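Each chain, letter by letter, is given below.
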Amino acid sequence: MSDAPARSADAGTAAPPRPNAVVAVLAFAGIVVSLMQTLVIPIVPELPKLLDAPASDTAWAVTATLLAAAVATPVVGRLGDMFGKRRMLLVSGVMLVLGSVVCGLSDALVPMIVGRALQGLSSGVIPLGISIMRDELPAERLAGATALMSASLGVGGALGLPTAALIADNFDWHVLFWASAAMGAIAVALVMAFVPESRVRTGGRFDAIGAVGMAVGLVSLLLAVSKGADWGWTSGTTLGLFAAAVIVLLAWGFFELRTEQPLVDLRTTARRQVLFTNLASIAIGFSMFAMSLVLPQLLQLPTQTGYGLGKSLLTAGLVMAPSGLVMMALAPVSAAVSKAKGPKVTLMIGALIVAAGYGLNIVLMSEVWHLVLVSCVIGAGIGFTYGSMPALIMGAVPASETAAANSLNTLMRSIGTSTASALAGVVLAQMTIDLGGYALPSENGFKTVMAIGAGAALLAFAIASFIPRPRAAVAEPGPAPVAAGTAAGTPSGR
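Residues numbered from 1 in each chain as written. Predicted model: local features only at pLDDT ≥ 70, side-chain atom pairs only at ≥ 80, totals over all residues. Heavy atoms only, no water.

**Brief notes about the overall build of the protein chain**
Phase 1 of the analysis: Along the backbone of the protein chain there are 20 helices and two strands.
Phase 2 of the analysis: Taking the principal axes of its C-alpha atoms as reference, the protein chain extends roughly 75 × 45 × 45 Å.
Phase 3 of the analysis: Here the protein chain holds 494 residues, and 55% of them are scored as buried.
Phase 4 of the analysis: Counting contacts in the protein chain only where the partners sit at least 6 residues apart, residues at least 24 apart contribute 80% of the total.
Phase 5 of the analysis: In the form shown here, the protein chain has an accessible surface area of approximately 19,000 Å², with 68% of it arising from carbon and sulfur atoms.
Phase 6 of the analysis: Between the mean site of the 27 positive side-chain charges and the mean site of the 23 negative ones, the protein chain shows a separation of 11 Å. (Helix = DSSP H or I, 4+ residues; strand = E, 2+ residues; numbered from the N terminus. Buried < 20%, exposed > 50% of the residue type's maximum accessible area, 1.4 Å probe, protein only. Contact = heavy atoms within 4.5 Å. Areas by Shrake-Rupley, 256 points an atom, 1.4 Å probe, with all protein chains shown as cover. Lys, Arg positive; Asp, Glu negative; His and termini not counted. Charge placed at Lys NZ, Arg CZ, Asp CG, Glu CD.)

**Considering the pairing of strand β1 (residues 432-435)**
Phase 1 of the analysis: Relative to strand β2 (residues 438-441), β1 runs antiparallel, the two being bridged by four bridges. Note that in β2 the partner of Leu435 across the bridge is Tyr438. (Pairing = 2+ DSSP bridges.)

**Some remarks on the environment of Ser334**
Phase 1 of the analysis: Within the secondary structure, Ser334 sits in helix α16 (residues 331-341).
Phase 2 of the analysis: It is 7.3 Å that separates the C-alpha atoms of Ser334 and Gly383, two residues lying 49 residues apart in sequence.
Phase 3 of the analysis: Setting aside residues no more than four positions away along its own chain, Ser334 makes contact with Ala147, Thr346, Gly383, Phe384, Gly387 and Ser388.

**Details of helix α18 (residues 368-394)**
Phase 1 of the analysis: Across its 27 residues, α18 extends 40 Å between first and last C-alpha, which sits within 8% of the 39 Å expected from 1.5 Å per residue.
Phase 2 of the analysis: Most of α18 sits inside the fold, with 21 of its 27 residues counted as buried. (Expected span 1.5 Å × (residues − 1).)

**Let's talk about unusual backbone geometry**
Phase 1 of the analysis: In the Ramachandran plot, Asp52 falls in the positive-phi region, its phi being about 55 degrees despite a non-glycine side chain.
Phase 2 of the analysis: Relative to the elements of secondary structure, Asp52 occurs in the loop between α3 (47-51) and α4 (55-58).
Phase 3 of the analysis: Owing to a relative accessible area of 72%, Asp52 belongs among the exposed residues under this scheme.

**Details of the packing of helix α14 (residues 272-300) against helix α20 (residues 443-464)**
Phase 1 of the analysis: As a packed pair, α14 and α20 sit with axes 8 Å apart at the nearest point and diverge in direction by 160 degrees. In this view, α14 runs roughly antiparallel relative to α20, as classed from their interaxial angle. Note on packing geometry: the crossing formed by α14 with α20 is left-handed. In this structure, α14 contributes Phe276, Leu279, Ala280, Ala283, Ile284, Phe286, Ser287, Ala290, Val294, Gln297 and Leu298 to the contact, and α20 contributes Phe446, Val449, Met450, Ile452, Gly453, Ala456, Ala457, Leu459, Ala460 and Ile463.
Phase 2 of the analysis: Class assignment of the residues belonging to the contact of α14 with α20 gives a composition of 18 nonpolar, three polar and no charged. (Axes fitted to C-alpha atoms, helices over the stretch in contact; angles between N-to-C directions. Parallel < 35°, antiparallel > 145°, perpendicular 65-115°, else oblique. Left-handed = near helix turned anticlockwise from the far one by under 90°. Nonpolar A, V, L, I, M, F, W, Y, C, P; charged D, E, K, R; others polar.)

**Observations regarding the confidence of the model for the protein chain**
Low pLDDT means the predicted coordinates in that region are not meant to be read closely.
Phase 1 of the analysis: Confidence in the prediction for the protein chain averages 84 pLDDT; 91% of positions are at 70 or higher.
Phase 2 of the analysis: Long-range and interchain partners of residues 1-16, a stretch whose pLDDT sits below 50, account for 30 contacts in this model, where long-range means more than four residues apart.
Phase 3 of the analysis: Confidence drops under pLDDT 50 across residues 472-494; counting only partners more than four residues distant or on other chains, this segment forms 45 contacts. (pLDDT = per-residue confidence, 0-100.)

**A short note on the nonpolar core**
Phase 1 of the analysis: Among the nonpolar cores identified, the biggest contains 97 residues, and Leu26, Met133, Leu298, Tyr358, Leu371, Ile382 and Phe446 are the most heavily contacted of them.
Phase 2 of the analysis: The residues touching Met133, leaving out its near neighbours within four places in the chain, are Val23, Leu26, Leu142, Ala145, Thr146 and Met149.
Phase 3 of the analysis: Judged by nonpolar contacts, the second largest core, of 15 residues, contains Leu39, Ala53, Ala61 and Ile167. (Core = buried A, V, L, I, M, F, W, Y, C linked by side-chain atoms within 4.5 Å.)

**Description of helix α10 (residues 174-194)**
Phase 1 of the analysis: Taking 1.5 Å per residue, 21 residues should reach 30 Å; α10 reaches 31 Å between its end C-alpha atoms and fits that length.
Phase 2 of the analysis: Among the residues of α10, His174, Leu176, Phe177, Ser180, Ala181, Gly184, Ala187, Val188 and Val191 are the ones counted as buried. Projected down its long axis, α10 shows its buried positions confined to an angular sector of 145 degrees, all on one face.
Phase 3 of the analysis: Here the buried face of α10 lies against α2 (19-37), α6 (85-105), α7 (109-120) and α9 (139-170). (Arc of directions from axis to C-beta.)

**Some thoughts on the packing of helix α15 (residues 313-329) against α18**
Phase 1 of the analysis: Put simply, α15 and α18 touch, their axes get as near as 8 Å, and they point 30 degrees apart. Classed by the angle they form, the pair α15 and α18 counts as roughly parallel. For the element pair α15 and α18, the recorded crossing hand is right-handed. Where α15 approaches α18, its residues Val319, Pro322, Ser323, Val326 and Met327 are matched on the opposing element by Val368, Leu371, Val372, Ser375, Cys376, Gly379, Ala380, Ile382 and Gly383.
Phase 2 of the analysis: When grouped by side-chain class, the residues that make up the contact of α15 with α18 number 10 nonpolar, four polar and no charged.

**Overview of the pattern of salt bridges**
Phase 1 of the analysis: Evaluated as defined, the whole model comprises five salt bridges.
Phase 2 of the analysis: Measuring nitrogen to oxygen at the nearest pair gives 2.8 Å for the salt bridge that ties Asp135 to Lys85. Residue Asp135 is located in helix α8 (residues 125-136), and its partner Lys85 is located in helix α6; the two are separated by 50 residues in the primary sequence. You'll find Asp135 and Lys85 in the same group, each marked buried.
Phase 3 of the analysis: A single network of salt bridges, built from pairs that share partners, joins Asp81, Lys85 and Asp135. (Salt bridge = Lys/Arg side-chain N within 4 Å of Asp/Glu carboxyl O.)

**A closer look at the packing of aromatic side chains**
Phase 1 of the analysis: Tallying each qualifying case throughout the model produces three aromatic pairs.
Phase 2 of the analysis: Between Trp173 and Phe177, the aromatic rings sit 6.2 Å apart at their centres with planes inclined by 85 degrees, giving edge-to-face as the arrangement.
Phase 3 of the analysis: Assessed through its relative accessible area of 9%, Trp173 is described here as buried.
Phase 4 of the analysis: For the pair Phe276 and Phe466, a centre-to-centre distance of 5.6 Å together with 20 degrees between the ring planes defines the contact as stacked. Of this pair, Phe276 sits in helix α14 while Phe466 sits in the segment after α20, and the two are 190 residues apart along the sequence.
Phase 5 of the analysis: When its relative accessible area of 47% is taken as the criterion, Phe466 is described as partly exposed.
Phase 6 of the analysis: One residue, Lys227, lies across the ring of Trp60, its end atom 5.0 Å from the ring centre.
Phase 7 of the analysis: The ring of Tyr386 has Arg413 lying over it, and the distance from NZ or CZ to the ring centre is 4.1 Å. (Phe/Tyr/Trp six-rings, centres within 6.5 Å; stacked < 30°, edge-to-face > 60°. Lys NZ or Arg CZ within 6 Å of the ring centre and 35° of its normal.)

This is the structure in structure tokens:
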């Protein structure tokens, strides 16, 4: 085994002089990137008119971001492990700024899709930030910092909707993207000023064939999931994409197991702790996104339905916003529970809280304060689960593979959210009422989606119960020199 990672880890043992600044900057960068994901929601219904294109085509402004993020996140994570996490963090930030500028200058469909795809390429910021924290922060700061960084995904998503709605209601729609570009530029400048470059690296050769194979397989899978409702689930295109995804991903896995320096180390991924954490992440990602689909619709549907609250998009965003603040506030609580009982327990507690939130939503959905309460309860559970996942991943992989492993975990959450969107769309399209000639989702349809969300959270709880308890403390970065020939941060057990 090459001793390059060991020498790199040994060279990078100095702690950063400003750990508070490192945590704050990385969390800010994570929030900026997650804000981007909800940026276009307020203008999606207007995009056909704004871009002079059919609605079926303008939907690619959302789909392009999803596909680009799915491909970029694991690739950027692997490149970060190989060539420097801060370097790839800056590249991701630049992609966000560039994509925002392209969208800000666009009045046509193609440049909008290109810009949104470039924005999607920035999605590796959160797993890269978590990995930098592992390399650079003192051991006593790591759990709380990574919980905060992981929660920034939910925080940005919750705060993005009201912010974007406020801008869209009061300014030209291009301001959404200029604001995104400005925040991205600030994040890049702050990273350059305050975040050190870790020297924990693997080096080696980039697995280009593996990257292409994974990209083709993931794009086929997510295209089928996200567009299946539009194309028809039994259409030749949808079934062909599903078949291509299965064939390509199986061939990709066969190749990855036999290449010397794979893009994704499937043997590490198959370790029980990593495998079950990733499976639980899919279920939690599914459960989290169900809330984002149901609550805004309930708030905005007309009161004539008998269950809609007739509120504006801005009001809907403001109702969702407190959940993001709850996630951030509970990051240190999540870290404290993980320190006392282990991240497995934290994940299981969070999953139960999420399930309880959906159960509460089934019986409390007739007042605005009901939905504020529900979003905060679910947000609290998401904060616990998202705070525990990086600790579980980092407790089972070498320090030299942290970015790739965290990026794969982030991808698993994204697959969960994409699946939730597709399944909830099918349920709400099938369970409808007629109001003035328009088919609207029925109350029972919403309750069914909530029940599915609760079921996904309970599934995550059950999966998490199979995660093994660590036999020793999580290996910490840096301070102790690593002997040549020993992999940096080798986990205590499989």
